[in-house]
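Per-entry structural report
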Amino acid sequence: MRQRIRALLLGIVMFAMTIAGSFADVTTVKAAEDLTLKLHYHRADGNYDGWDVWLWEEGGDGNAYAFEEEDGEMVATKVIAPGVSSVGFIVRTADWTKDINEDQFIDISEMVSGTVHIYVESGKKGYTKEYGEDAVTGTKLLKARYEEETQMITVQMTGKIDGDFKKAFSILGTDGEAAITEVTEEAQFTYLISVERPLDLTKNYNILFDGNEYKIIMPNIYSTESFEEQYTYTGTDLGATWSSDKTSFRVWAPTAEAVKVNLYASGTEGTDDLLEEIPMQADVNGTWIAEKEGDANGIYYTYTVTINGEETEACDPYARTTGVNGKRAMIIDLASTNPQGWESDANPHAGENITDAVIYELHVRDLSSDESAGIQNVGKFLGVIETGTTTESGIPTGLDHIKDLGITHLHLLPSYDYGSVDETKLDDAKFNWGYDPVNYNVPEGSYSTDPYHGEVRVKEMKQMVQGLHENGISVVMDVVYNHVYNASEFCFNKIVPGYFSRMDEEGKYSNGSGCGNDTASERAMVHKYIVDSVKYWAEEYHIDGFRFDLVGLIDTETINEIVAEVHKDYPDVIFYGEGWTMDTSVTKDGYLMATQLNSEETPDFAYFNDTMRDGLKGNVFENSQTGYVSGAEGLEETITQCFLGAADWCPSPSQTVNYASCHDNLTLMDRLSRSALNATREERIRMNNLSAAIYMTAQGIPFMQAGEEMLRTKLKGSGEFDENSYASPDSVNSLKWDTLNEEEYQNTYNYYKGLIAFRSAHPALRMMTAEDVAANIMPVEGLEANVTAFDIKGGANGDSADGMFVIFNPNQTQTQVTLPEGVWDVYINGEKAGTEVLETITEGTATVAPISAMVLIKGEADAKTAAEPAKKAPFAIGVAAVAAVVAGVVAFMRKKKK
C-alpha cells in the first residue's frame, strides 16, 4: 500500500507543484544568450479553449504557459536556464484534465542557446524536435559541487571540454575570486577543480563557464552539531511582543550580516507607506533584537536581512497576524481580539478519551457556498457558526445540522494563512483546500470579512471557536507542517536561506511530500518552530485537536514533544495524522519519522487507518476495485482486525482513526458508483450505510467526511466524478443541502445520526487499550463466507449493557447468525439505527438482511448469562485465544514490514 503511495507521489510531483514551492538547483546567475523552447500543440478538432501546457525544468518548479497563435500554429514559449538538460511537460486544462495522462520529458542536453521547436499532437505520446536557425549545440555545465573534505569542486558537463581545462572556468564568490590552481578530468565529462584557498561554507560562490554563471552547491552546515550548539535559541520571545509602552522584536537570522525592521502603515505589499526602518542588534544564538517605543498596535512590519551582501525582505515567521495575502506581519494586542466571555471558553469534551470522539471533516467554504444553505457569511469563519439557517423547505443546514447529527469534534481543513487564494480578489470565489502554507500562525484571510486588517481574521476565528464550543462541538485544526507553499519564498527560508526545508545531495529540495519540498523537522530551530506553533494555536485560539497532514515526514521526537508540551496545560487536546511512509532526505542520522509502522514510538498520537478505508471500499488508487461492502471476497480477517482496533501496524485502538472517506479521492458514494457497477442505487446506499456502521462501531476513533451522511457526491460540469477537488469550484465542492428534501438522503442522514447516538451511549465501543479489547471482544466463528460478527462482554469498559452482539453481512443474500443465550434487543439494522429498540429476538437466531449490519443488546434480565458468554456461545473464540491471535498478527506484520 505504502509503496503504491510513494509511486503515485513520484508520478504526480509536477501536478502537486501547483500548491507548492520551487526547487533549489544549480541555477543560472547570468546567461550570455537565451535558450528558448517553443512547444507547438495541434488538436484535430481545432478547439484550444482552456488548454495550456505545464512546463518545468527537471528538478525545478512548474508553471502554466499559454498557447498563443504564431504563423497559424498554437505555440507556448519558455526561456530555459543554461545547464538544464531536460524539460517536463503536461498539456492540460486548468482543472488538470490531461491530454496524455502522464509526465513527458524533452531532452535538450545538446542545446547551449538559441531556439528549439517541439511539436506535440493531441492524444499521442511523444514529440518531434526541430532546431531553430539560431540554435547552438555543444557542451554545457550541468552542476558544480564543493566538497569540504577535499576542498575541491566537482563539475559535471554534458560533454568533453576542449583546450586548456584551467582556462575554461572561473570561481567567483561574495568574498572575491578564488583562483584555480588545477583542473583534472576525473571521469567522462566530470572534472575536479582545485582552488588556492578553502571556500567559506557560509558564503555563496558561482562558477563561470562559456560566458554563463552557475551557483556552486555548497555543503549544508545547518544540521551539523557545531551549528546547532552555537545557534539554537530556546527563548519564548521570537516575533513581535507588544505592550502599550513598547514592542520588542526578536528574529532568528544566524547567517545574516545585518537585519532591520521595516514599519508600514498598511499590510498591502507594494504600497509606498514605509514609516520607519529600525536597525536590529545581534544578540544570543543567532538572534537579532530591536524595540519600538510607544503603542504600535496595528502597525505592519517586515524584516530585511543582508546575506552575502544582498538584501532580502521577508515576513516574520512568528507573525501573529498579517495584512492581505500574508506579505506583511502586523503588531497586535491579542487580548483586544478576544470575544466577550473568552476567558471562560473551554473544550466541551474536556475529560473525555480520544476514542470518545466522533470527528467530522469540513472545509470552511463547503458548509455555506451552496445557495440552499441559507447562510449569509458565505465561505467565512462566521458562516460556520450561524444558527437558525434552513433550506427553503425548512430543513436545518450548517451548524444546526452538524449539532443535530451529534458529532463531537469538527475537523476544519487548513485555516491558517495559505497561498493559493488571492485575498485581494475574493469576488472571484476561488477555491482551494489550503494545503499550501504561507504563515503558520496566522488565520486565513479569505475566511475573514476583511483580509486587509490583520485583527479581523484573529477576532473572527476566535468567535468561530467560541461559537462551536457553545454548541458542544470541539475544534480540530488541520495543520501542514510537512511542506510549504513555495520553499524559496517561504519567510523562514528567506531569512535563513534553505534552513527550514530538507535538501538532497544534489542541492535540490527533498520532495517526499509530492509538493515540491519537505520540512526539516529534525533541525533544532525547525523543531522549536513547529512545537511553538502548535502550542500557540492551543493557547491563543483554544484549539482542541490537531490533524497533521503527511505526518510521516515529521520526526517522532518533534511529534512527541508537541504532544507533551500541549498536554502540560491542555491534556484533552487530541492528535492524529497521515502516517504514510514516504521518501525524504532527512538531514541528520538517528531520526525516525512519525509513520504508522513507527506508531509505538508516538503512543499519544493516532493515525488514519487506510487498512480499514481500503478494506471497506477498495484501494483508493484503483477506483474500479471493490471492497468488503461492495462485493469483494475474503476480507473477513481485515475487517475483524480493524474492528478490534488491531490493524497490522496498530498497537492500540487509541491510535487508529477509522474512516471510509475524507476530502481526498472520491467521496464514498461516488466510489461505490464507480466500482459497484452492477449494483442498484438502493444497494449502493446500503453499502454506504454498512461502511458507516462498521467504522462507527469499531474500536478506535470514527472519522467522516462532511456530507457522507447525505450521500455527498462531487460532479464536474462534464458529469464525471471529481476525485481531486482541491481547486474545483463551489458547484463541485459545496454541500447540497436541498438533497435532504428527498427521502433517501433524509433516511441516510437519520441512519448516521442514529449510529453516532448509539456509539455515544455505549462505552463498550470506545475502549482505549488492546488488552481491554482482547479481554472483552470475541470474534465469532462458523459464519457464512464474508459475514463477520463479534460478541462483546456485558459491562465492557463500564457499559451498562449486559452484552452486545455485532453482525456485518456484505452479501447479496440474508444470513442467519446464532445468538448467545438470552433476550436480545435490536438497535441497529439495515434500515435504522439509534438508541431505541427496533425489535426483540427471543429465539436465539438473528436474520440479517443483505448488505447490512445488525447490533443487538442483551437486557438487564440476562445479566447472569452474559457473565459467562464463552460457555453459552461455543462458536466464539476464547478470550485468551483472541489476545494471542491479535498480538501474534500484529507482531508478525510489524516484523514483516520492518
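Residues numbered from 1 in each chain as written. Predicted model: local features only at pLDDT ≥ 70, side-chain atom pairs only at ≥ 80, totals over all residues. Heavy atoms only, no water.

Let's shift gears to the overall build of the protein chain. When its secondary structure is counted, the protein chain shows 20 helices and 46 strands. In terms of overall size, the protein chain behaves like a compact globule, its C-alpha atoms giving a radius of gyration of 30 Å where 898 residues would be expected to give roughly 29 Å. Each of the three principal axes of the protein chain carries a C-alpha extent, and together these read 95 × 70 × 55 Å. Within the protein chain, counting contacts between residues at least 6 apart in sequence, those at least 24 apart form 70% of the total. With the model as given, the accessible surface of the protein chain reaches about 34100 Å², and the carbon-plus-sulfur share is 46%. (Helix = DSSP H or I, 4+ residues; strand = E, 2+ residues; numbered from the N terminus. Rg over C-alpha atoms; globule rule 2.2 N^0.38 Å. Contact = heavy atoms within 4.5 Å. Areas by Shrake-Rupley, 256 points an atom, 1.4 Å probe, with all protein chains shown as cover.)

Here the focus is the packing of helix H9 (residues 524–540) against helix H10 (residues 556–569). The interhelical angle for the contact between H9 and H10, taken along N-to-C directions, is 30 degrees, at an axis separation of 9 Å. Viewed along their axes, H9 and H10 adopt a mutual orientation that is roughly parallel. Of the two possible hands of crossing, H9 and H10 adopt the one that is right-handed. Here H9 contributes His527, Ile530, Val531, Val534, Lys535 and Ala538 to the contact with H10, which in turn contributes Glu557, Thr558, Glu561, Ile562, Glu565 and Val566. (Axes fitted to C-alpha atoms, helices over the stretch in contact; angles between N-to-C directions. Parallel < 35°, antiparallel > 145°, perpendicular 65-115°, else oblique. Left-handed = near helix turned anticlockwise from the far one by under 90°.)

Looking now at the packing of aromatic side chains. Taken as a whole, this structure holds 48 aromatic pairs when the rule is applied. Look at Tyr576 and Phe703: their rings are 6.4 Å apart centre to centre, the planes differ by 75 degrees, and that puts the pair in the edge-to-face class. With Tyr576 in strand S35 (residues 574–577) and Phe703 in strand S38 (residues 701–705), the pair connects residues that are 127 residues apart, well separated along the chain. The pair Tyr576 / Phe703 is uniform in exposure class, with both members buried. Over the ring of Tyr264 we find Arg328, and its NZ or CZ is 3.6 Å from the ring centre. In this arrangement the basic side chain of Lys462 is found over the ring face of Tyr541, its NZ or CZ atom lying 5.8 Å from the centre. (Phe/Tyr/Trp six-rings, centres within 6.5 Å; stacked < 30°, edge-to-face > 60°. Buried < 20%, exposed > 50% of the residue type's maximum accessible area, 1.4 Å probe, protein only. Lys NZ or Arg CZ within 6 Å of the ring centre and 35° of its normal.)

For the rest of this paragraph, the subject is the sheet that holds strand S3 (residues 51–57). Ordered by their spatial adjacency, four strands build an open sheet running S4-S3-S7-S8, and the pairing between neighbours is antiparallel. Edge positions in the sheet fall to strand S4 (62–66) and strand S8 (104–107), since each of these pairs with one other strand and no more. Neighbouring strand axes in the sheet, compared pairwise and without regard to direction, differ in orientation by 35 degrees on average. Pairing of S3 with strand S7 (residues 86–93), which is carried by seven bridges, proceeds in the antiparallel orientation. Its bridge partner being in S7, Asp52 is matched across the sheet by Arg92. (Pairing = 2+ DSSP bridges.)

For the rest of this paragraph, the subject is the pattern of salt bridges. Taken as a whole and judged by the stated rule, the model has 36 salt bridges. A salt bridge links Lys494 to Glu489, with the shortest nitrogen-to-oxygen separation between them at 3.6 Å. One salt bridge in this structure joins Lys535 and Glu565, with 3.4 Å as the shortest N-O distance. Residue Lys535 is located in helix H9, and its partner Glu565 is located in helix H10; the two are separated by 30 residues in the primary sequence. Residue Lys535 is classed as partly exposed on the basis of its relative accessible area of 29%. Through salt bridges that share partners, Asp478, Arg547, Asp549 and Glu578 make up one connected network. (Salt bridge = Lys/Arg side-chain N within 4 Å of Asp/Glu carboxyl O.)

With that out of the way, let us pick up the sheet that holds strand S20 (residues 239–242). Pairing is antiparallel across the open sheet formed by four strands, whose spatial order is S20-S21-S25-S24. Each edge of the open sheet is held by one strand with a lone partner, namely S20 and strand S24 (281–282).

Before going further, it helps to spend a moment on the nonpolar core. Ranked by size, the top nonpolar core spans 177 residues in total, and within it Trp252, Phe546, Phe548 and Phe575 carry the most contacts. Here this core gets nine residues from one element, more than from any other, and that element is H9. In contact with Phe575, not counting residues within four places along its chain, are Ile354, Val534, Phe546, Phe548, Ile562, Val563, Val566, His567, Asp604, Phe605 and Ala606. Val183, Val195, Leu199 and Met218 belong to the second largest nonpolar core, which has 24 residues in total. (Core = buried A, V, L, I, M, F, W, Y, C linked by side-chain atoms within 4.5 Å.)

Counted residue by residue, strand S46 (residues 852–858) has seven buried out of seven residues, so it is predominantly covered. Every second residue of S46 is oriented toward a common face, with Ser852, Met854, Leu856 and Lys858 on one face and Ala853, Val855 and Ile857 on the other, all of them buried. Inspection of the sheet shows strand S41 (residues 803–809) paired to S46 by six bridges, in the antiparallel sense. In the strand pairing of S46, Phe808 is matched with Ala853. Bridge count for strand S43 (residues 824–828) against S46 is four bridges, and the pairing is antiparallel. Counted as the bridge partner of Trp824 is Lys858 from S46.

Before going further, it helps to spend a moment on helix H11 (residues 610–617). Of all the eight residues making up H11, eight are buried; the element is thus mostly covered by neighbouring parts of the structure. Within H11, the full set of buried residues consists of Asp610, Thr611, Met612, Arg613, Asp614, Gly615, Leu616 and Lys617. Where H11 begins, the capping side chain belongs to Asn609, and its oxygen is found 3.0 Å from the backbone nitrogen of Thr611. In the stretch just after H11, Gly618 is the one whose phi turns positive, near 105 degrees. (Polar contact = N/O pair within 3.5 Å; in protein donor to acceptor, adjacent residues only side chain to side chain.)

Attention shifts here to the environment of Gln812. Within the fold, Gln812 resides in the loop between S41 and strand S42 (815–818). On a C-alpha basis, the gap between Gln812 and Glu489 in space is 56 Å, while along the polypeptide they are 323 residues apart. Residues in contact with Gln812, not counting those within four places in the same chain, are Glu683, Pro850 and Ile851.

So, about the pairing of strand S30 (residues 409–412). Side-chain alternation along S30 places His409 and His411 on one buried face and Leu410 and Leu412 on a second face that is also buried. Of the strand pairs in this sheet, strand S29 (residues 359–362) and S30 are connected by four bridges, and their pairing is parallel. The residue bridging Tyr360 from the neighbouring strand is Leu410, located in S30.

With that out of the way, let us pick up the confidence of the model for the protein chain. In the predicted model, the protein chain carries a mean pLDDT of 91, and the fraction of residues at 70 or more is 92%. Scored below 50 in pLDDT, residues 1–32 makes 113 contacts in the model with residues more than four places away or belonging to other chains. This stretch, residues 860–898, has a pLDDT under 50; its non-local contacts, to residues over four places away or in other chains, come to 57 contacts. (pLDDT = per-residue confidence, 0-100.)

Relative orientation of the contacting elements helix H14 (residues 681–697) and helix H16 (residues 743–761) amounts to 15 degrees, with a least axis distance of 10 Å. For the element pair H14 / H16, the angle class is roughly parallel. The crossing of H14 and H16 is right-handed. Of H16, the residues touching H14 (which contributes Arg681, Ile685, Asn688, Asn689, Ala692, Ala693, Tyr695, Met696 and Thr697) are Glu744, Tyr745, Thr748, Tyr751, Tyr752, Leu755, Ile756 and Arg759. Residue classes in the contact of H14 with H16 are distributed as ten nonpolar, four polar and three charged. (Nonpolar A, V, L, I, M, F, W, Y, C, P; charged D, E, K, R; others polar.)

Along the chain, Ser446 falls in the loop between strand S32 (437–443) and helix H7 (454–470). A polar atom in the side chain of Ser446 sits 2.7 Å from the side chain of Glu444. If we ignore the near neighbours within four places in the chain, the residues touching Ser446 are Gly379, Lys380, Tyr418, Val421, Glu423 and Leu426.

What follows covers H14. At 3.6 residues per turn, the α-helix brings residues three or four places apart onto the same side. Spanning 17 residues, H14 covers 25 Å between terminal C-alpha atoms, matching the ideal 24 Å at 1.5 Å per step. When you tally the buried positions in H14, you get 14 out of 17 residues, the bulk of the element. (Expected span 1.5 Å × (residues − 1).)

What follows deals with unusual backbone geometry. Residue Asp210 is not a glycine yet carries a positive backbone phi of 55 degrees. Within the fold, Asp210 resides in the loop between strand S18 (205–209) and strand S19 (212–215). The backbone of Leu550 sits at a positive phi, close to 40 degrees, despite the residue not being glycine. Note that Leu550 resides in the loop between strand S34 (545–548) and H10.

Now for the environment of Ala76. One can find Ala76 in strand S6 (residues 73–80). Distance in space between the C-alpha atoms of Ala76 and Leu263 is 42 Å, their sequence separation being 187 residues. With residues up to four places along the chain from it excluded, the contact list for Ala76 reads Leu37, Lys38, Leu39, Val53, Tyr65, Ala66 and Phe67.

Within the element layout of this structure, Glu578 appears in the loop between S35 and strand S36 (606–608). A distance of 3.3 Å separates a polar atom in the side chain of Glu578 from a polar atom in the side chain of Arg547. Polar side-chain contacts of Glu578 include one of 3.0 Å to the backbone nitrogen of Leu550. With near-sequence residues (within four places) excluded, Glu578 lies in contact with Arg547, Phe548, Asp549, Leu550, Val551, Gly552, Phe608 and Asp664.

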